[in-house]
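This is what each chain is made of:
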Amino acid sequence: MAVDSAISSPLGPPACEKDAKALRFIEEMTRNADPVQERVLSDILTQNSQTEYLRRFKLNGASDRDSFKSKLPVITYEDLQPEIQRIANGDRSAILSAHPISEFLTSSGTSAGERKLMPTIKEELDRRQLLYSLLMPVMNLYVPGLDKGKGLYFLFVKSETRTPGGLLARPVLTSYYKSEHFKTRPYDPYNVYTSPNEAILCPDSFQSMYTQMLRGLQDRHQVLRVGAVFASGLLRAIRFLQLNWRQLSQDIETGTLNQKVTDPSLRECMGKILKPDPELARFVRHECSKESWEGIITRIWPNTKYLDVIVTGAMAQYIPTLDYYSGGLPKACTMYASSECYFGLNLNPMCKPSEVSYTIMPNMAYFEFLPHDPNSAGFTRDSPPKLVDLVDVEIGKEYELVITTYAGLCRYRVGDILRVTGFHNSAPQFHFVRRKNVLLSIDSDKTDEAELQKAVENASRLLREFNTSVVEYTSYADTKTIPGHYVIYWELLVKDAANSPTDDVLKQCCLAMEESMNSVYRQGRVADNSIGPLEIRVVRNGTFEELMDYAISRGASINQYKVTRCVNFTPIMELLDSRVVSTHFSPALPHWTPERRR
């Protein structure tokens, strides 16, 4: 029941008094976005005034915007790598932050094939927790009764390692799930998970998924929402159920746990919960043995009100498959965050995926925006860009996000391209357009054009002894398979038909391409099982000329035409697929290890 209107919020009547406080906080922050931003910048600059980085640019303790903008350059990760490497190697002096760097959060891969290391400090956990605490109060405005059931969320920890200097390096969500903030979180009737902490924190992905799915099946009538971080993760869970429902139903029937689950804390935890339930086992067998899995989510979890998954950016490619499995349930994208910083939340989480906009919370960091011009050659130190403050962005325009954080990132280009869709009070709302320069993505992997080119070059070396070369190529991310996988179209020039490359050689070309991908891709293939084997489809000679003819027939200039390295336009993909003469898949897993190279 909604609380008294005296503590209501402009966003809507809150579900409880705790929600009212959270909604009032959102209103206060967004109404005063510019003063909050000014205070945040002053706090960051004052706190870090004696760091090596700020002293290098002779800020001399100044904490005002004008000094900051005139003296500090706009930077990328590569600009910071020397400082980050020193911290990783054990230098504990105040290089970027006055507070000790508590750990590194690993972000998507760099051009060198390693994950980025984002420095963080302990107090950032409080800031992240604050943003999490705002999500359910907003969701409760749109979906009543979430305190009457549970959420089936598939949450996982991923590989972590230590830098040469001994600091932990791990993904941001692994850091959060392993923190006391998460493990000892207070009971909240609006935010109860079916998955026990022991299952979420189990490092073995099979054991973790198995027990989370088992608990979800046991609580099927109590489940009101189903989710994962990314759309791809939820589809992997469905695929896991397809592969393992027989054993899961056996465990449910007998009240015993699969012997493949060996983690002692997990076995102890599940031993207290598992009881024989032959009726539920019969139901699971009945539903999962049907030929069609259309609507399987609502068939097994009939009270599900929505899916809680990210379906913006590269994840939008999974929407049709999610609709198939869920019967078209609403898809809620609740927050916008990265390893570098948590940014904001969706104040209308039940909108269509194509209409998702995130409201930036001005207390999270200091935000600036670089007007995005895809045709621009970029900028140099001699011609620095003119950045726009948070409240000064213009509706309809696209910008690249630039952040300054408490942990010591200053005027750092995140690489996200955002379009302004409106304002909530004085805080702008953004639609996530895409990652800058990203060509292919299945899960958390991000492959750009330069990386794909390098992979093709490395693989094509295997063709030299057959006097064969790659004439042209393009690609797409095939998300119809679970897990999704990269498809690369090759047109080959075979100079000696009697000595053309064999199927085995082309399979080795697939593997060579995978070995060339960055560590995020290879981890997805090896450790997370979130990406399937790479596929090369060889097309017949002349196919790419036909593509050019098609593009010109649609108005492209013959002088300016160049082959796009990633395709997603249905007629072009149909043309390519109709010209395929052979298909080849990677025969093995690429090399990957959680240890960082020094």
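Residues numbered from 1 in each chain as written. Predicted model: local features only at pLDDT ≥ 70, side-chain atom pairs only at ≥ 80, totals over all residues. Heavy atoms only, no water.

What counts, and what does not: UniProt positions are given in the numbering used here, feature names are shortened, and annotations may be inferred rather than shown by experiment.
Looking at an unreviewed UniProt entry, one finds the chain named Indole-3-acetic acid-amido synthetase GH3.1 and attributed to Gossypium mustelinum. If you open the UniProt record of the chain and go to Sequence similarities (unreviewed entry), you find "Belongs to the IAA-amido conjugating enzyme family."

1. Considering the overall build of the chain
Our working rule: Secondary structure elements follow DSSP: runs of H or I no shorter than four residues count as helices, runs of E no shorter than two count as strands, and numbering proceeds from the N terminus. Atoms counted for the radius of gyration: C-alpha only. Globule rule: 2.2 Å times the number of residues to the power 0.38. Contacts between residues were defined by any pair of non-hydrogen atoms, one from each residue, lying within 4.5 Å. Using a 1.4 Å probe, the Shrake-Rupley method yields the accessible areas, and only the shown protein chains count as cover for residues. The charge count includes Lys and Arg as positive and Asp and Glu as negative, but it does not include His or the ends of the chains. For charged residues, the charge sits on one atom: NZ in Lys, CZ in Arg, CG in Asp, CD in Glu.
For the chain, the helix and strand inventory stands at 20 helices and 22 strands. Relative to its length of 598 residues, the chain is compact, with a C-alpha radius of gyration of 25 Å against a globular reference of 25 Å. Of the contacts formed within the chain by residues at least 6 apart in sequence, a portion of 68% connects residues at least 24 apart. A total accessible area of about 25800 Å² is found for the chain, and carbon and sulfur atoms account for 50% of it. Across the chain, the mean location of the 70 positive side-chain charges is 3 Å away from that of the 72 negative side-chain charges.

2. Points about the pattern of salt bridges
This is how it is decided: Salt bridges, as used here, are contacts in which a Lys or Arg side-chain nitrogen is within 4 Å of a carboxyl oxygen on Asp or Glu. Partly exposed describes any residue whose relative accessible area lies between the buried limit of under 20% and the exposed limit of over 50%, with all areas from a 1.4 Å probe on protein chains only and scaled to the type maximum.
For the coordinates displayed, the defined rule picks out 37 salt bridges. Between Glu400 and Arg413 there is a salt bridge; the shortest N-O distance is 2.7 Å. On the criterion of sequence distance, the pair formed by Glu400 in strand β14 (residues 398-404) and Arg413 in strand β15 (residues 412-424) is long-range, its members being 13 residues apart. Across the pair, Arg413 and Glu400 agree in class, each one buried. Where salt bridges share partners, they join Glu52, Arg56, Glu83, Arg86 and Asp91 into one cluster.

3. A closer look at the nonpolar core
The condition is simple: Within this scheme, the nonpolar core is defined by two criteria: the residues are buried Ala, Val, Leu, Ile, Met, Phe, Trp, Tyr or Cys, and they are joined through side-chain atoms within 4.5 Å.
Core analysis: the largest hydrophobic core is formed by 165 residues, its most contacted members being Leu241, Phe367, Trp490 and Met513. With twelve residues, the next largest nonpolar core counts Val487, Ile572, Met573 and Leu576 among its residues.

4. A short note on the sheet that holds strand β9 (residues 335-337)
Here is the rule we go by: When DSSP locates at least two bridges between a pair of strands, those strands are taken to pair. Note on geometry: axes are lines fitted to C-alpha atoms, helical ones only across the stretch in contact, with angles between N-to-C directions running from 0 to 180 degrees.
Reading across the sheet, the eight strands line up as β9-β10-β11-β16-β15-β14-β12-β13 and stay open at both edges, with antiparallel pairing between neighbours. The open sheet is flanked by β9 and β13 (388-389), the only strands paired with a single partner. In this sheet, strand β16 (residues 427-435) lies alongside strand β11 (residues 358-360) in antiparallel orientation, the contact comprising two bridges. Considered in β16, the bridge of Tyr358 is made with Phe430. Relative to the sheet, helix α6 (residues 123-142) contacts β9 and β10 (342-345), its axis offset from that of β10 by approximately 15°.

5. Structural notes on the domain arrangement of the chain
The test is simple: The split of the chain into domains comes from an automatic or database domain assignment.
Along its sequence, the chain is carved into domain 1 (17-122 + 338-375 + 388-435), domain 2 (144-304) and domain 3 (439-585). Domain 1 and domain 3 are separated by 36 Å when their C-alpha centres are compared.

6. Section: the pairing of β14
Most of β14 sits inside the fold, with six of its seven residues counted as buried. In the sheet, strand β12 (residues 366-371) pairs with β14 via six bridges, with the strands oriented antiparallel. Residue pairing across strands places Glu368 opposite Val402, the latter belonging to β14. Here β14 runs beside β15; their pairing, made up of five bridges, is antiparallel. By the bridge assignment, Val402 is partnered in β15 with Arg413.

7. A few points about the packing of aromatic side chains
Rule in force here: A pair of aromatic rings is counted whenever rings of Phe, Tyr or Trp (Trp by its six-membered ring) have centres within 6.5 Å, and the orientation is called stacked for planes under 30 degrees apart, edge-to-face for over 60 and tilted otherwise. Comment: the charge-over-ring label is applied if NZ (Lys) or CZ (Arg) is within 6 Å of the ring centre and within 35 degrees of the ring normal.
Under the definition given, this model contains 21 aromatic pairs. Centre to centre, the rings of Tyr132 and Tyr176 are 4.4 Å apart; their planes meet at 25°, and the pair counts as stacked. With a gap of 44 residues between them, Tyr132 in helix α6 and Tyr176 in helix α7 (residues 172-177) connect regions that are remote in the sequence. The class for Tyr176 is buried, based on a relative accessible area of 8%. Judged by centre distance (6.1 Å) and plane angle (65°), the rings of Tyr336 and Phe432 are edge-to-face. Of this pair, Tyr336 sits in strand β9 while Phe432 sits in strand β16, placing them 96 residues apart in sequence. There is no split in this pair, since Tyr336 and Phe432 are both buried. When the ring centre of Phe283 is taken as origin, the NZ or CZ atom of Arg220, which lies over that ring, is 3.6 Å away. Against the face of Tyr473 rests Arg565, its NZ or CZ located 4.1 Å from the ring centre.

8. Side note on the environment of Asn568
Position of Asn568 relative to the elements: it lies in the loop between α19 (543-553) and α20 (570-578). Residues Asn568 and Ser475, 93 residues apart in the sequence, show an inter-C-alpha distance of 8.8 Å.

9. Looking at the side chain of Thr543
Worth spelling out the cut-off: Whenever two N or O atoms come within 3.5 Å, that pair is a polar contact, provided that in protein one can donate a hydrogen and the other can accept it, and provided that, for residues adjacent in sequence, both atoms are side-chain atoms.
Looking at where Thr543 falls in the secondary structure, it is placed in helix α19. Separated by 2.6 Å, the side chain of Thr543 and the backbone oxygen of Arg540 make a polar contact. Residues within four places of Thr543 in sequence aside, it is in contact with Glu491, Leu575, Leu576 and Arg579.

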